[in-house]
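Residues per chain, in single letters:
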Amino acid sequence: MAGSKCVRLSGELAKQLLASVDSVLFDCDGVIWRGDQAIPGAPRVIELLKEHGKKVFFVTNNSTKTRKMYVDKMSTLGFNASEDEVFGTAYCSAIYLKTVCKLQGKVYLIGSNAMKQELEAVGIQQTGLGPDHIFGKQTDWANVPLEPDVKAVLVGFDEHFSYMKLNRALQYLTRMDCLFVGTNRDTRLPLEGGTAVPGTGCLLQAVETAAQRQAATVGKPSRFMFDCVASKFHVEPGRCLMVGDRLDTDIMLGSNCGLKTLLTLTGVSTVAEAEANQKSGCSERQGMVPDYYVESIADLLPALQG
Ligand SMILES: [Mg+2]
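Residues numbered from 1 in each chain as written. Predicted model: local features only at pLDDT ≥ 70, side-chain atom pairs only at ≥ 80, totals over all residues.

Looking at an unreviewed UniProt entry, one finds the protein chain named Glycerol-3-phosphate phosphatase, with Hippocampus comes as its source organism. In its Subunit (unreviewed entry) section, the UniProt entry covering the protein chain states "Homodimer." Looking at the protein chain in UniProt, the text filed under Sequence similarities (unreviewed entry) is "Belongs to the HAD-like hydrolase superfamily. CbbY/CbbZ/Gph/YieH family." (UniProt positions renumbered as here; feature names shortened; annotations may be inferred.)

Have a look at this one:
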């Protein structure tokens with residue numbers, strides 16, 4: 001096994017891999033579900049991992065749900081999970097502002113109601129949720145009323161993103177003591193049938209361009225997502241497996257944190273892309289080569305049942 005990467009996982013090798021880990025981190029969309037449908041066999045895989053004494057966590061860049069909303073969705077799809085096991089970027093960005101930034105003050109939020117709820121759960125107030133329509137002329141925009149106690153701009157997925165929100169974020173971020181945080185940089189949200197819509201990365205880049213500043217990001221592949229799990233539970237990186245469908249976020253996170261990595265082919269990335277990264281000779285792209293791959297996480301069932 002040593003030295004080889006991007007190996008198809010099956011039979012004895014799958015058993016060996018599972019015996020070598022205590023914790024398994026799963027991305028959600030494209031891994032355990034697609035849209036509103038569970039990947040066949042996925043609920044049983046999670047159940048069996050837990051029966052085998054493995055700690056299981058769910059790490060997702062999607063900022064539109066609270067931990068409670070994820071648990072409700074998972075329950076509907078036949079998964080048994082608790083809020084403690086779920087790490088979405090709405091929750092993790094609230095934890096980041098609270099524990100890493102030690103924020104004293106309010107957040108100007110470009111984001112969702114779920115983000116508002118997770119911020120409030122750690123005692124952080126926000127302003128900005130919901131539509132923000134344009135008014136007046138350019139000089140009015142530059143002098144738009146700002147709240148004095150806003151000390152951070154947080155950008156996540158916001159279906160009401162608008163020119164006025166972009167402008168308001170710029171005005172806050174011209175204050176150098178205003179922190180700048182983004183949930184994630186995924187540029188597209190893939191939908192069933194091969195279509196896609198713009199992701200949070202597009203909104204974040206627009207704000208970065210306007211403000212001429214770079215945001216710190218919380219979501220995968222930033223290692224904060226793993227640190228968030230590891231700070232609440234004992235997780236030894238070398239005995240942890242990251243399972244994901246995207247090379248640039250999930251597998252990169254695993255590589256950044258020294259985890260074992262497994263690519264599943266039920267989502268975005270392909271084996272051909274992983275192999276192209278491997279053959280590229282580019283050191284950054286080596287982080288986007290998984291240790292193993294499977295067609296679906298249901299391929300782990302024989303190793304767990306045997
Ligand atoms: Mg995914």
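Read on, since the account is not over.
Chemist: What should I look at first to understand the overall build of the protein chain in this one?
Modeler: A tally of regular secondary structure across the protein chain gives 13 helices and 16 strands. Expected size for 306 residues packed as a compact globule is a radius of gyration near 19 Å; at 20 Å, the protein chain falls within 12% of this value. With respect to the three principal axes, the spread of C-alpha positions in the protein chain is 70 × 40 × 35 Å. By residue count, 45% of the 306 residues in the protein chain fall in the buried class. Partitioning the contacts of the protein chain with sequence separation of at least 6, the portion at a separation of at least 24 is 72%. (Helix = DSSP H or I, 4+ residues; strand = E, 2+ residues; numbered from the N terminus. Rg over C-alpha atoms; globule rule 2.2 N^0.38 Å. Buried ≥ 20, exposed ≤ 12 C-beta atoms within 10 Å, placed from the backbone. Contact = placed C-beta atoms within 7 Å.)

Chemist: Help me out: how do you make sense of helix 3 (residues 67-76) in this one?
Modeler: Along an α-helix, residues three or four positions apart point the same way, because every turn accommodates 3.6 residues. Here helix 3 has its buried residues at Arg67, Tyr70, Val71 and Met74. Buried residues in helix 3, looked at end-on, bunch into an arc of 100°, giving them a common side. With respect to the buried face of helix 3, the exposed residues turned more than 90 degrees away are Asp72 and Thr76. Turning to helix 3, the residues buried within the fold contact strand 5 (55-60), strand 6 (86-88) and helix 4 (89-100). Backbone geometry just after helix 3 places Gly78 at a positive phi near 95°. (Arc of directions from axis to C-beta.)

Chemist: Would you take a moment to explain the UniProt feature "active site" (unreviewed entry) in the protein chain for this structure?
Modeler: Those residues carrying the UniProt feature "active site" (unreviewed entry) are Asp27 and Asp29 in this numbering. Excluding its chain neighbours within four sequence positions, the residues that come into contact with Asp27 are Val59, Thr60, Val243, Gly244, Asp245 and Asp250. Structurally, the position occupied by Asp29 is in the loop between strand 2 (23-26) and strand 3 (33-34). What makes Asp29 partly exposed here is the crowd of 19 C-beta atoms within 10 Å. What Asp29 contacts, discounting residues up to four positions off in sequence, is Arg34, Thr60, Asn62 and Gly267.

Chemist: Whenever I open this one, the UniProt feature "binding site: substrate" (unreviewed entry) in the protein chain confuses me. Can you help?
Modeler: Here the UniProt feature "binding site: substrate" (unreviewed entry) sits at Lys220. One can find Lys220 in the loop between strand 13 (216-217) and helix 9 (224-232). Every residue in contact with Lys220, bar those within four places of it in the chain, is listed here: Val59, Asn61, Asn184, Met225, Thr249, Asp250 and Leu253.

Chemist: Where do I start with the domain arrangement of the protein chain in this structure?
Modeler: By a widespread convention, an interface's size corresponds to the accessible area lost as its parts come together. On domain assignment, one finds that the protein chain holds domain 1 (7-61 + 221-305) and domain 2 (91-217). Contact with domain 1, which involves nine residues of that partner, is made by nine residues of domain 2. Broken down by element, the residue count for the side of domain 1 that touches domain 2 peaks at three residues, all from helix 9. (Domains from an automatic or database assignment.)

Chemist: Would you explain the sheet that holds strand 2 in this entry?
Modeler: Hydrogen bonds between backbone atoms are what pair the strands of a sheet, whose relative direction is either parallel or antiparallel. With respect to topology, seven strands assemble into an open sheet ordered 1-16-15-14-2-5-6, the strand pairing being parallel. At either margin of the open sheet sits one strand with a lone partner, and together these are strand 1 (7-8) and strand 6. For strand 2 and strand 5, the ladder comprises four bridges, and the chain directions are parallel. Within strand 5, the position partnered with Ser23 by the bridge is Lys55. (Pairing = 2+ DSSP bridges.)

Chemist: What am I meant to see in unusual backbone geometry here?
Modeler: Excluding glycine, a negative phi dihedral is what most residues carry, and trans is how most peptide bonds are arranged. With omega at 10°, the peptide bond leading from Lys220 into Pro221 counts as cis. Structurally, Pro221 is set in the loop between strand 13 and helix 9. The phi torsion at Cys6 lies on the positive side, around 55°, for a residue other than glycine. Positionally, Cys6 belongs in the segment before strand 1. For Lys102, which is not glycine, the phi dihedral falls at a positive 50°. Judged by C-beta crowding, with 7 C-beta atoms within 10 Å, Lys102 ranks as exposed.

Chemist: Got a minute to help me understand the packing of helix 4 against helix 5 (residues 113-121) in this structure?
Modeler: Helix-helix packing is described using two parameters, namely the angle between the two axes and the distance between the axes. Here helix 4 crosses helix 5 at 35°, and the two axes come no closer than 8 Å. Handedness of the crossing formed by helix 4 with helix 5: right-handed. Packed against helix 4, whose contacting residues are Ala90, Tyr91, Ser93 and Ala94, the element helix 5 presents Ala114, Met115, Glu118, Leu119 and Ala121 at the interface. Its residues assigned to classes, the contact of helix 4 with helix 5 shows seven nonpolar, one polar and one charged. (Axes fitted to C-alpha atoms, helices over the stretch in contact; angles between N-to-C directions. Left-handed = near helix turned anticlockwise from the far one by under 90°. Nonpolar A, V, L, I, M, F, W, Y, C, P; charged D, E, K, R; others polar.)

Chemist: How should the nonpolar core be read in this particular structure?
Modeler: Soluble globular proteins tend to bury their nonpolar side chains together. Judged by nonpolar contacts, the single largest core of 81 residues is most densely connected at Leu25, Ile32, Phe58, Phe87, Leu97, Val107 and Val243. A total of six residues in this core trace back to one element, the largest contributor, which is helix 4. Domain assignment of the residues forming this core places at least three in each of domain 1 (7-61 + 221-305) and domain 2 (91-217). Setting aside chain neighbours within four positions, we find Val107 in contact with Leu97, Leu119, Ile124, Gln126, Val150, Ala152 and Leu154. (Core = buried A, V, L, I, M, F, W, Y, C linked by C-beta atoms within 7 Å.)

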